[in-house]
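# Residue-level structure breakdown
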Amino acid sequence: MNANATILTELLLKERPSLLRLIRRIVGTTSDAEDVTQTLWLRIQTVTDTPPINDKQAYLYRLARNVALDRLRAGERREALFVPGPISEEIAAPVPSAERHLIDQENLGIVLAAIAGLSPRCREVFILRKVENLRVVDIADRLGISPSMVTRHLQNALTHCMARLAETETGTDGS
């Protein structure tokens, strides 16, 4: 490290509290002031011996002010780039209509009734898989049945539920 950088580093350590106050007034927060002080230390390490610096304290404070202002300007540029705009209707999730909500409620009731109409073992497998989100092998282990039997129960349950939904869409009630 050259003589100017060494002296400026020592001066930075000595004047750190005063520099932090100055920088905090410019950038607004203590954490940003700490970041600027770190950047200041890095800048000091690049200072050469030529030309000679006559008033090192004035140079350090001017450098601190410039680094703080650079940080402030960079933040302003970043904010200008990322200005939040109005949310587009294409991006926002559409709110379902009252009719869609009623249809969904009705379909949920049909599916719940269909699940209630399953055999106890088939219903248990379906709930473990679709509600508790267990893997097929975990269900098989828990119930003491083979994974293929779990798959068969799931297939039967889904077929049963889909048939109940299809019956209501076509207007037949299965009686």
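Looking at an unreviewed UniProt entry, one finds the protein chain named RNA polymerase sigma factor, with Gluconacetobacter dulcium as its source organism. According to the UniProt record, the Sequence similarities (unreviewed entry) comment for the protein chain is "Belongs to the sigma-70 factor family. ECF subfamily."

## Looking at the UniProt feature "domain: RNA polymerase sigma-70 region" (unreviewed entry) in the protein chain
When the UniProt feature table is mapped to this numbering, "domain: RNA polymerase sigma-70 region" (unreviewed entry) covers residues 14-77. Structurally, residues 14-77 comprises 81% helix and 0% strand, and the distance from its first C-alpha atom to its last is 33 Å.

## Section: the side chain of N4
As for its position among the elements, N4 is in helix α1 (residues 3-27). By relative accessible area, N4 is classed as buried at 5%. Dropping the residues within four chain positions of it, N4 is found in contact with V47, T48, D49, P51, P52, I53 and K56.

## A short note on the domain arrangement of the protein chain
Assigned domains of the protein chain: these are domain 1 (1-80) and domain 2 (98-174). On a C-alpha basis, the centres of domain 1 and domain 2 stand 67 Å from each other.

Conventions and cut-offs
Residues numbered from 1 in each chain as written. Predicted model: local features only at pLDDT ≥ 70, side-chain atom pairs only at ≥ 80, totals over all residues. Heavy atoms only, no water. UniProt positions renumbered as here; feature names shortened; annotations may be inferred. Helix = DSSP H or I, 4+ residues; strand = E, 2+ residues; numbered from the N terminus. Buried < 20%, exposed > 50% of the residue type's maximum accessible area, 1.4 Å probe, protein only. Contact = heavy atoms within 4.5 Å. Domains from an automatic or database assignment.

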